[in-house]
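Fold and geometry: a report
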Amino acid sequence: MNIFELDNEYIAHTYARFPLQLVSGNGSLVYDQQGKEYIDLGTGIAVNAFGVNDEPWKRAVTAQLDKIQHTSNLYYSEPCAKLAQMLCTRTGMKKVFFSNSGAEANECAIKAGRKYGEVKKGKEYYTIITLKNSFHGRTITTLSATGQDVFHEHFTPMTDGFVFATPNDIQDAERLVKEHKCSAIFIELVQGEGGVTALDKGYVKALEDLARKEDLLLMVDEVQTGNGRTGTLYAYMDYGITPDVVTTAKGLGGGLPIGATMLGERAENLFTAGLNGSTFGGNPVCASGALSIIERIDENLLAEVRKKSEYIFTELTGAKGVKSVSGKGLMIGVECEKDANEVIATCREQGVLVIKAKNKVRLLPALNIPWELLQKAIKTIKEACQ
Ligand SMILES: Cc1ncc(COP(=O)(O)O)c(C=O)c1O
């Protein structure tokens, strides 16, 4: 059996894969089993922050592998503590809980929200407001938090305690706060899986005011937007808000699984021993890799991310066959006149890998993609859209 047949035979059919096997790469270039070269604008869904075969990350990971690969959370671990320190120093958050994925980071945030409601107002104050069209993960509870009915189908009953507000409509959020016993508001600042659309700044600020006025936790899901992706270290930094909880994963690990739930002043003491846990969470190899990622996301790199973003927006907005361009930083959605699948397939044939979000072509290049590769890829995308 070839690899496609083998996969089809033995892997659960949960993925609609592209007909391609990636076997190696370097930076923003990746290669299939025939040696065909592609410019990668998907980065394993915003995971390979510095592309493939990233030397500093590999050095950090292998140096830790030479020492100890796993300890469990029964013991202290330097990479994990240092990573938490770095995240808190760079964000102003106070404590971090480490897990292994975005969904798990969000599960922890949901627990924080519920505990906050209980402590502040009583056990019945557990409802969390999330947004319509959001995406928060695949576990039953993060699916329940996800404001898209299509994800709930077949898996009911959903976890109780989530209500969905219309994005950019503050009155709707105010109405939900009045109608339900709420503990928190939980949002993505750029809805990724929902079609790469950024929330309005005024709306986000108003949500923060609402959270403060009603004593709710303001929690931000930065699983996809975080770690430099949108042009600041975390997207909330460009919105001028101070969230109480920030979750992240994907790019943080640079290619190894890690999730982080950062807890601000109002949330830092919600968890005591035994209230949450994870066998692998904060694994020293993953944490060492993540340290090497976060320490390189500095102002110079972020300025480059913003410049490249501006370039993509300028090139694609109004281009033939392009209806709209949305998103922020290097998290971009392109709505095309043609079907997105057709554009994606043409790009792939022409040596450019892009992915999909709803009906849009989604671009998530490495934060350090070289200019010449980016220019070449954008030219290919423009041609594919025509
Ligand atoms: C905003 C957001 N939250 C949560 C998740 C779930 O992350 P994971 O697949 O690591 O569980 C994703 C994944 O796409 C995401 O984009």
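Use the structure listed above.
Now for a look at the structure at hand. (Residues numbered from 1 in each chain as written. Predicted model: local features only at pLDDT ≥ 70, side-chain atom pairs only at ≥ 80, totals over all residues. Heavy atoms only, no water.)

Section: the pattern of salt bridges
Applying the stated rule across the entire model yields 21 salt bridges. Note that Asp54 is salt-bridged to Arg296, the shortest N-O span being 2.8 Å. Of this pair, Asp54 sits in the loop between α2 (43-46) and α3 (55-65) while Arg296 is found in the loop between α10 (284-294) and α11 (299-316), placing the two residues 242 residues apart along the sequence. As a salt-bridge pair, Asp244 and Arg266 come within 2.8 Å of each other at their nearest N and O atoms. Of this pair, Asp244 sits in the loop between β10 (217-221) and β11 (245-248) while Arg266 sits in the loop between β12 (259-263) and α10, and the two are 22 residues apart along the sequence. Given the relative accessible area of 2%, Asp244 is considered buried. The class of Arg266 is partly exposed, set by a relative accessible area of 39%. Put simply, Asp172, Arg175 and Glu179 are held in one network by salt bridges that share partners. (Salt bridge = Lys/Arg side-chain N within 4 Å of Asp/Glu carboxyl O. Helix = DSSP H or I, 4+ residues; strand = E, 2+ residues; numbered from the N terminus. Buried < 20%, exposed > 50% of the residue type's maximum accessible area, 1.4 Å probe, protein only.)

Some points on the nonpolar core
Of all hydrophobic cores here, the largest spans 84 residues; its most connected members are Leu363 and Ile381. Taken together, domain 1 (3-54 + 299-385) and domain 2 (57-294) each give at least three residues to this core, which thus spans both. In this structure, Leu217, Met219, Val245 and Leu263 belong to the second largest nonpolar core, which totals 18 residues. (Core = buried A, V, L, I, M, F, W, Y, C linked by side-chain atoms within 4.5 Å. Domains from an automatic or database assignment.)

Some remarks on a nonpolar patch on the surface
A contiguous nonpolar surface patch, about 630 Å² in accessible area, is contributed by Met1, Ile3, Phe4, Leu6, Tyr10 and Ile11. One can find Ile3 in helix α1 (residues 3-10). Since its relative accessible area comes to 38%, Ile3 is described here as partly exposed. (Patch = residues over 30% accessible without salt bridge, like charges linked within 9 Å, V, L, I, M, F, W, Y side chains within 5 Å. Areas by Shrake-Rupley, 256 points an atom, 1.4 Å probe, with all protein chains shown as cover.)

Re the site of the ligand
Around the ligand, the surrounding shell holds 13 residues, and the nearest of these are Gly102, Ala103, Glu188, Asp221 and Gln224. The contact in question runs from an oxygen atom of the ligand to an N or O atom on the backbone of Gly102, over 2.8 Å. Contacts to the ligand include Asp221, whose side-chain N or O atom sits 2.8 Å from a nitrogen atom. In terms of residue count, the dominant contributor to the shell around the ligand is helix α5 (residues 102-120) (3 residues). Considering only residue class, the shell around the ligand consists of 3 nonpolar, 6 polar and 4 charged. (Near = heavy atom within 4 Å. Polar contact = N/O pair within 3.5 Å; in protein donor to acceptor, adjacent residues only side chain to side chain. Nonpolar A, V, L, I, M, F, W, Y, C, P; charged D, E, K, R; others polar.)

Let's talk about helix α4 (residues 78-91)
Over its 14 residues, α4 runs 20 Å from end to end, which matches the ideal 20 Å to within 8%, given 1.5 Å per residue. Along α4, the residues classified as buried are Pro79, Cys80, Leu83, Ala84, Met86, Leu87, Cys88 and Thr91. Where α4 terminates, the next one or two residues include Gly92, which has phi positive at roughly 85°. (Expected span 1.5 Å × (residues − 1).)

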